[in-house]
Each structure stands twice: as C-alpha cells, then as structure tokens.
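Descriptive analysis of the structure
Residues per chain are reported as follows:
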Amino acid sequence: MSLAVLLAGVSFGYRPGQRVLEDVNLRLGEGEFVAVAGPNGGGKTTLMRILLGLERPTAGTALLFGEPAHRYSGGRPLGYLAQRSVVGGDAPTTVREVVAAGRVMPRRIVGRRTPDDGQLVADAIERVGLAAVADAPLRTLSGGMQQRAFIAKALAARPALLVLDEPTTGVDAESQESLAELLADLHGELGVTIVYVSHEFGAVEHHVQRIVLVRRTIVFDGAPHDLPGMWHDPGHVHVRE
Amino acid sequence: MFESEFMRLALAAGAIVGVLAPAVGFFLVQRRQSLVGDGIGHVAFAGVAAGILLDVSPILTALVAAVLGGVAIELLRSRGGAAGDQALAIVFYTGIALGVVLVAEAGALNVDLFQYLFGSILTITRSDLVLIAVLGAVGVAMIVLLYRAFAAVIIDEEGARVAGLPIGALNVALAALAAVTIALSMRVVGILLVAALMVLPVSAAGRVAWSMRSTLVLSTGIGLACAIAGLTVSYYADLPPGGTIVLTAAGVYLVALGMSAVRGR
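Residues numbered from 1 in each chain as written. Chains lettered and ligands numbered in written order. Predicted model: local features only at pLDDT ≥ 70, side-chain atom pairs only at ≥ 80, totals over all residues. Heavy atoms only, no water.

What follows covers the overall build of chain A. Across its full length, chain A carries 5 helices and 10 strands. The globule rule puts the C-alpha radius of gyration for 241 residues at 18 Å, and the 18 Å found for chain A is close to it. Seen along its three principal axes, the alpha-carbon backbone of chain A occupies a region of about 55 × 40 × 35 Å. Out of the 241 residues in chain A, the part that is buried amounts to 57%. Contacts in chain A between residues far apart in sequence, at least 24 positions, make up 68% of those at least 6 positions apart. Accessible surface, chain A: about 10,400 Å² in total, of which carbon and sulfur atoms supply 48%. Counting 24 positive and 27 negative side-chain charges, chain A places the centres of these two groups 9 Å from one another. (Helix = DSSP H or I, 4+ residues; strand = E, 2+ residues; numbered from the N terminus. Rg over C-alpha atoms; globule rule 2.2 N^0.38 Å. Buried < 20%, exposed > 50% of the residue type's maximum accessible area, 1.4 Å probe, protein only. Contact = heavy atoms within 4.5 Å. Areas by Shrake-Rupley, 256 points an atom, 1.4 Å probe, with all protein chains shown as cover. Lys, Arg positive; Asp, Glu negative; His and termini not counted. Charge placed at Lys NZ, Arg CZ, Asp CG, Glu CD.)

This is how it looks when you write it as structure tokens:
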C-alpha cells in the first residue's frame, strides 16, 4: 500500500524549548480511515496541521504523498474540514458557491468554471443531501447542514486525502451519526483516505479501521477492538513512562 | 449636459470608476478590510504631491505610490507581524505625513491639489480618460480571471491554504488591484472619498442580494448608477462631484437597509 502520510521522528513546539509533539512516528496508507484522538491540548490538532503542511516540524520529517508536507505541490487534491467551519465574508454565499470553491486548484487558479466543475459540484451537493437547498444562502441553514456543505466542498475537489478537525463540535447527536455514516460511505465507495481528528471517537468508532491516540506522542495505534477499555475515553490517555 | 466635452469625459470616467471601485471593494469588504482603500488613498496623496513636486503626471506617481502602499500593507500584515489595522495605520499615517511634507516642499497647497483630494469633473482630459479606460479594463479582466480564486479564499481561507492556493500572491494581487482602482478613481471622486465608493455600494448590495455573485453584480450596478446620478446632480446643482456621488451611494445604502428590514433579514 502506498503511503498518503509519513511522519518520522516528528517533534514540534510553537516556541523554543516547548514540546507539543515529541518523536511522533506515523504511517497512513492510501485508502485508510483513521481516527486521531486524544485529550484537549494533547497535540492532535498540531499533528494534523503538520501532516497538512500548515506547520513545519521542529525536528523529523513530514511527507504528504511522498513530498515534504510544507512544500506540497497539490498534485493529489486534499480536502480539509476545519473545526466549526463558517463561511467567510458578509455576502449571502450559497451552498453551491461554497462547494464550487472546492474546485479551485493550484494549477487552475486563473479562469472560469468548466462544465465538469459544475457537474462535480452538483454531485458533491447531492451526495451530502443538500440538493434541495443548493441555492440557499448558507447562513440560513442549521449548523449540521452548514457542516455538510463544507464536506461537499472538500469532496468536490475529488480529494485523495480528507482531513476533518473536530467535526462534531457544535453539531447535534443526530448530525454526528449521519456524518459518521456519510464518511463510511465515502470511504467504502470512493476509497478516500480519511483522517478524523477529535477529542472523542463518537459515532465514527464503529466505522474506522484504526485509532491513533496522541498525547504529545503516539500512545496507541491499532484497531478499535484492541483499544484498552479505559482508553475509550481519550481523556484518560496517559503517556507511557 | 451632454453638449459639454468635459461632462462627456466625466461621465465616461465616472462610469468606469463606478463599476470598478465596488467590484474591487467587494473583495476587500468580504475580507473585512473595508478601510484598506482609505489607507491606500492616503499613500496616493503622497504620490500626487510627488508628481506636483517633480512636475510629472500626478496620476502616474499616485499609481506607483498606491501600488507600493497597497503591497506594503499586505506584506506588513502577512509577514511583518503587524495586525491588520496596525499595518494599515502605519502605512496610512506615513503616507499622509509624506504627502504633507512633499506638498509644502512643492508649494502646492492650492486648487490643483484640492482637485485630487475632492475630485473634479472639470479637470478630466482625453488622455486621462484613455489612461482610466486602459487601467479599468485591466482591473475588470483581473477580476474576471481571478474571481474564483478570490472567492475561494474569502469563503474558506484555511481550506484554500491546504488546497495549495498561493494565498500570499492572491492577497498582493488584490492589494495592487485596489491601488490601481484608487489611482484612477481619484480624479472623479477624490482621494478622500474614493474608498467610500469601494464600500457603500457593496454594503447596500449585501442587504438585498441572494448570493455572493449577485452581491458583486449588484454592487457594480449600484456603483455605476450612483456615479452617473451623482455626476448629473453635481452638474445641475453645482455641487462637488465626489461628495455628491458618495452621498447618493449612502442614500442607496439606507434604502437597501430599509428594504432588508422590511423583509425581516
């Protein structure tokens, strides 16, 4: 299996002497569905930012599809859902406009939308179940529906890797359940590599193939059924001495 | 009013500025940088003063100064560690201080300078109009070509960064575009008011539009209508054109505000 992500001996601090992450080693193969969990402040968001190339490791190597993550060329599209995704600007942006933003790629910055773009945008909206409100301003929709619009935006890029940061924050239980099912479908049907970062596993625990627990370093990496009972609440994760 | 050559030139220039200023301002407003136009305008003032002092076209020197100022604001904001409004304040005050010193040095505190500060329909020449038309066409072409990328950054900047879009280059392009717009708008509405034409039509359009694209299109429509209506009123009522255009736009904003209140938005 070729690798989507490789972190080797990665350490990171936001200031000298600080160790948010220490000696992290992680290999994510293409097509895997992985949950990255851990307590708040444990470094999981930093780990996600490093693997996406938004931060550079202080020590060690971070590769994204074989390229240094911070200089990634964008050859294989990436999808990213930020925590509490909200649309920027004050204009009444529609679902379709948000999703269409996912079709703007590094090699296609200049120019207008193609018919292919239109079709991929419509397909992505359909897939997340927002076809009926495709032309409604996003701000008129519920939090769960807005989140789905941003997932559709990520999908419209036809991502090889989809990363979701705390996607359950501020979303009701029903929406969390349907999000987990949607991700499982995407993984099953399209084979998208998915990294689900959260302080809790929530509904995805039954769908992921692998769980990675982070508390400054990786303290567990394996299948959900191998996870020791007390660690099902990641707040209890402790660094192995 | 169409019999007078100066008025035909002013209306043509006003129409170009009326479309371009809100079109560029749309992106600044969405990025919550509504006052950037004002900051760049004050640097353009230093450029005008330099033009008068050096006896070269003040529009050209203002254009150079405005582009440098716009890019400086963006670089200070993104790389210099200065928060958005601090970067703006640094460039804003440096620009106006430089302008004051250069104006005093040129002994140009006179009517010429006031034409640039407040706009003057009487002073637009054929060659000014050609320059405004060429720069206006370049500006509109840039917006058409880069609309999707600018929109992607507005909608989700972090997502655009992850996707690999060159955010820094796009921000610099937008700052340069704003600078060009200000330099070519100053003869019509004046340096002190040019930023208003970049913001008020956009704010008005945002109250009644139904999508991002319709906000942009409506903004340019409102800007065009305000420029033509304002110039017409200023011609017949003998009022300053810049102030009249901007007051018209403020009136349209109030109407749009009323409409959105009635619709319960």
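Residue and element names in this part refer to chain B. Packing of helix α2 (residues 36-54) against helix α3 (residues 58-78) leaves a shortest axis separation of 7 Å and a crossing angle of 145 degrees. Crossing of α2 over α3 shows right-handed handedness. Facing Gly39, Ile40, Val43, Ala44, Gly47, Val48, Gly51 and Ile52 of α2, the residues of α3 in contact are Pro58, Thr61, Ala62, Ala65, Ala66, Gly69, Gly70 and Ile73. Tallied by class, residues from the contact of α2 with α3 come to 10 nonpolar, 6 polar and no charged. (Axes fitted to C-alpha atoms, helices over the stretch in contact; angles between N-to-C directions. Left-handed = near helix turned anticlockwise from the far one by under 90°. Nonpolar A, V, L, I, M, F, W, Y, C, P; charged D, E, K, R; others polar.)

Together, Leu53(B), Leu54(B) and Val56(B) line one region of the surface with nonpolar side chains, adding up to about 260 Å² of accessible area. Secondary-structure assignment places Leu53(B) in helix α2. (Patch = residues over 30% accessible without salt bridge, like charges linked within 9 Å, V, L, I, M, F, W, Y side chains within 5 Å. Salt bridge = Lys/Arg side-chain N within 4 Å of Asp/Glu carboxyl O.)

Residues Leu162(A), Leu183(A) and Phe27(B) are the most contacted members of the largest nonpolar core, which totals 122 residues. Among the elements that line this core, the one with the most residues is helix α8 (residues 167-189) of chain B, at 14 residues. (Core = buried A, V, L, I, M, F, W, Y, C linked by side-chain atoms within 4.5 Å.)

Residues and elements named next belong to chain B. Within chain B, residue pLDDT values average 87, and 95% of them lie at 70 or more. No element of chain B has a lower mean pLDDT than helix α5 (residues 111-118), which averages 77, and none a higher one than helix α10 (residues 212-237), which averages 94. Reported confidence for the predicted complex is 0.86 by ipTM and 0.87 by pTM. (pLDDT = per-residue confidence, 0-100.)

Residue and element names in this part refer to chain B. Over its 19 residues, α2 runs 27 Å from end to end, which matches the ideal 27 Å to within 8%, given 1.5 Å per residue. Among the 19 residues that make up α2, 15 are buried, leaving the element largely enclosed by the rest of the structure. In the stretch just after α2, Asp55 is the one whose phi turns positive, near 60 degrees. (Expected span 1.5 Å × (residues − 1).)

Before going further, it helps to spend a moment on the confidence of the model for chain A. Across chain A, pLDDT averages 85, with 93% of residues at or above 70. Per-residue pLDDT, averaged within each element of chain A, yields its smallest value for helix α5 (residues 173-190) of chain A (82) and its largest for helix α2 (residues 95-100) of chain A (95).

On to the sheet that holds strand β5 (residues 67-68) of chain A. Residue and element names in this part refer to chain A. Strand order in this open sheet of 4 strands is β2-β1-β4-β5, and the pairing throughout is antiparallel. Each end of this open sheet is capped by a strand with a single partner; those strands are β2 (21-29) and β5. Alignment of strand β4 (residues 59-64) against β5, held across 2 bridges, turns out to be antiparallel. Following the sheet pairing, Leu64 is matched in β5 by Glu67. In this fold helix α1 (residues 44-51) packs onto β1 (3-12), β2 and β4, with an angle of close to 125 degrees to the strand it touches most, β1. (Pairing = 2+ DSSP bridges.)

All names here are of chain A. Despite not being glycine, Asp23 has its phi angle at roughly 45 degrees, a positive value. If you trace the backbone, Asp23 turns up in strand β2. In this structure Asp23 comes out as partly exposed when scored by relative accessible area, which is 45%. Unlike most non-glycine residues, Arg216 shows phi in positive territory, near 70 degrees. When you line up the elements, Arg216 lands in the loop between β9 (210-215) and β10 (217-222).

Scanning the entire structure with this criterion turns up 17 salt bridges over all chains. Two residues, Asp117(A) and Arg148(B), come together in a salt bridge whose shortest N-O distance is 3.6 Å. Remark: Arg148(B) occurs in helix α6 (residues 126-155) and Asp117(A) occurs in helix α3 (residues 115-127); the pair is interchain, linking two chains. In terms of burial, Asp117(A) and Arg148(B) fall into one category: buried. Across the pair Arg31(B) and Glu157(B) runs a salt bridge whose closest N-O atoms are separated by 2.5 Å.

This part takes up the pairing of β1(A). Residue and element names in this part refer to chain A. Burial within β1 is extensive, with 7 of its 10 residues counted as buried. In the sheet, β1 pairs with β4 via 5 bridges, with the strands oriented antiparallel. Across the sheet, residue Ser11 finds its bridge partner in β4, namely Ala59.

Residue position: Arg103(A) is located in the loop between α2 and α3. Note on Arg103(A): relative accessible area 10%, which makes it buried. A polar atom in the side chain of Arg103(A) sits 2.8 Å from the backbone oxygen of Ala156(A). Ignoring sequence-local partners within four residues, the contact set of Arg103(A) consists of Arg108(A), Asp117(A), Leu120(A), Val121(A), Ala156(A), Ala157(A), Arg158(A) and Arg148(B). (Polar contact = N/O pair within 3.5 Å; in protein donor to acceptor, adjacent residues only side chain to side chain.)

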